[in-house]
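Observations on chain architecture
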Amino acid sequence: MLTGKSIILGITGGIAAYKGAALCSKLVQAGADVRVIMTDSAAKFITPLTLQTLSRHPVYTDTFDERDAAVVSHIDLADHADLIVIAPATANVIGKMANGLADDMLSTTLLAATCPILVAPAMNVHMYEHPAVVHNLELLASRGVMYVEPGTGQLACGYVAKGRLAEPEDIVAAVQAFFRRSKRLEGKRVLVTAGGTMERLDPVRYLTNDSSGKMGFAIAEAARDMGAQVTLIAGRTAAAVPAGVRLISVESAEQMLNAALHEYDNTDIVVKSAAVADYRPAAVQQRKIKKTGEKLVLELERTTDILAALGERKQQQFLVGFAAETEQIEHYAMDKLRRKHCDLLVANDVSAEGAGFNGDTNIMQVYSAEGLLESLPLMTKREAANRLMTIIADRLPLRRESAGL
Ligand code: PMT
């Protein structure tokens with residue numbers, strides 16, 4: 001299952017470091033090439049020799065212990081890894097990752113790595129629930145870091161609570177699930193739209209909405225991590241652009257329409273999570289509008305519905321629309337799905353706590369032509385994006401059959 005996969009196993013300093021040995025052994029038995037990096041604190045709990053014997057490679061503990069003059073170890077390791085697993089991950093390494101600190105071999109390698117990262121935290125329950133740790137975990141999740149949640153049980157400190165390192169078997173299962181997922185959209189071209197459009201009134205003013213682009217960016221990352229070639233058409237956003245994704249920046253609904261139509265023929269999957277203006281100013285003033293009377297009336301005109309335009313031209317494409325609603329979710333979702341010829345329609349109640357615009361979480365209902373397909377409870381936008389892309393990958397063959405491909 002893991003043959004040919006290059007995995008860095010980072011072991012940090014907690015009592016659960018001893019489980020790192022079992023994890024290393026299981027990854028090697030599953031066929032992975034495992035390179036172990038241990039922090040100084042980890043080496044106080046378990047010896048590097050144990051990990052060297054199990055991984056059949058020298059263990060890295062010191063950034064300056066350069067063994068091959070032809071390469072810089074932390075860069076070389078980072079460049080060749082398909083995945084980094086940190087188990088156990090202490091609050092300290094999580095904090096360093098969140099803040100970009102690089103003061104030892106593991107954190108330096110993590111900063112140089114562009115591959116996906118899977119973190120298995122283990123610590124005292126109060127540390128795990130500390131707002132700083134919660135914030136760091138959320139921040140890392142928003143950057144695409146994956147987790148294997150700690151278990152609940154007897155902790156080394158005497159508490160019976162959440163904080164135990166997940167069992168090595170469960171971490172291996174998560175690693176295998178990651179690699180299974182990472183190939184599912186190989187060779188597929190995915191187009192994602194994200195963020196809000198900006199409709200200019202004059203050189204200094206525009207109409208826009210609350211979309212931050214976080215949902216669309218998370219979808220682009222999830223598609224990328226499943227092996228797809230991703231193009232992201234982004235309007236106004238506040239989120240960091242995902243690495244490894246082709247970005248087309250636009251402002252207005254019209255620019256987004258033109259970019260989407262340009263990309264459409266060479267696309268297998270389209271996810272339209274952008275919040276597109278339904279109306280724009282009928283005329284854009286070339287000079288700043290001056291203050292005159294007590295009232296100013298703006299004349300607006302309809303924009304083209306991009307999703308509907310794509311739906312009309314649909315051939316092989318699997319088309320996914322979004323719907324930001326505040327009432328009668330199912331009714332409006334199904335109406336949009338049918339009218340705009342979507343294969344799936346993702347509805348979010350943007351008035352619900354933890355859902356919709358701007359935050360890092362969402363609550364989504366996924367509809368197909370047959371009705372409600374899956375209801376995704378409150379989760380991070382990144383996790384929701386993973387689930388959505390998995391549903392799309394599951395249903396893609398059905399779409400290709402019905403399109404006669
Ligand atoms: O960006 P975030 O802050 O993370 O917030 C995410 C989100 C709430 C914006 C996202 O989850 C979402 O719901 N996006 C769709 C918002 C929206 O425009 O919904 P709508 O119901 O107005 O439009 C329905 C669908 O038609 C959408 O796919 C939209 O992209 C599309 N549309 C709408 C108008 C238009 N002129 N052209 C379109 O293509």
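Brief notes about the side chain of threonine 63
- Mapped onto the elements of the fold, threonine 63 is located in the loop between helix 3 (48-55) and helix 4 (73-80).
- Reaching out from threonine 63, the side chain makes a polar contact with the backbone nitrogen of methionine 105 at a distance of 3.1 Å.
- Aside from chain neighbours lying at most four places away, what touches threonine 63 is His74, Asp104, Met105 and Thr108.

Points about the pairing of strand 16 (residues 318-325)
- A large share of strand 16 lies buried, amounting to seven of its eight residues.
- The sheet contact formed by strand 13 (residues 269-272) and strand 16 spans four bridges and is parallel. Residue lysine 272 lies in a different strand from strand 16, and its bridge partner there is glycine 321.
- By the bridge criterion, six bridges tie strand 16 to strand 17 (residues 344-349) in an arrangement that is parallel. Bridged to phenylalanine 322 within strand 17 is valine 346.

As for the nonpolar core
- Judged by nonpolar contacts, the single largest core of 37 residues is most densely connected at Ile219, Val271, Leu388, Met389 and Ile392.
- Here this core gets eight residues from one element, more than from any other, and that element is helix 14 (residues 381-402).
- Sequence-distant contacts of isoleucine 392, that is, excluding residues within four places in its chain, are made with Ile269, Val271, Phe318, Val320 and Leu344.
- Within the second largest apolar cluster, 35 residues are counted, among which are Ala16, Met38, Ala166 and Phe178.

Let's talk about the site of the ligand
- Neighbouring residues of the ligand: 29 residues in total, closest Ser211, Ser212, Lys336, Asn348 and Asn358.
- Backbone polar atom of lysine 214 to an oxygen atom of the ligand: 3.4 Å apart, as the coordinates give it.
- Protein chains shield 96% of the accessible area of the ligand, which is 780 Å² for the free molecule.
- Contributing elements (two or more residues each) for the shell around the ligand: helix 10 (214-225), helix 12 (306-312) and strand 16.
- Residue contributions to the shell around the ligand peak at four residues, all from strand 16.
- Its residues assigned to classes, the shell around the ligand comprises 11 nonpolar, 11 polar and seven charged.

The rules behind these values
- Residues numbered from 1 in each chain as written.
- Predicted model: local features only at pLDDT ≥ 70, side-chain atom pairs only at ≥ 80, totals over all residues.
- Heavy atoms only, no water.
- Helix = DSSP H or I, 4+ residues; strand = E, 2+ residues; numbered from the N terminus.
- Polar contact = N/O pair within 3.5 Å; in protein donor to acceptor, adjacent residues only side chain to side chain.
- Contact = heavy atoms within 4.5 Å.
- Buried < 20%, exposed > 50% of the residue type's maximum accessible area, 1.4 Å probe, protein only.
- Pairing = 2+ DSSP bridges.
- Core = buried A, V, L, I, M, F, W, Y, C linked by side-chain atoms within 4.5 Å.
- Near = heavy atom within 4 Å.
- Areas by Shrake-Rupley, 256 points an atom, 1.4 Å probe, with all protein chains shown as cover.
- Nonpolar A, V, L, I, M, F, W, Y, C, P; charged D, E, K, R; others polar.

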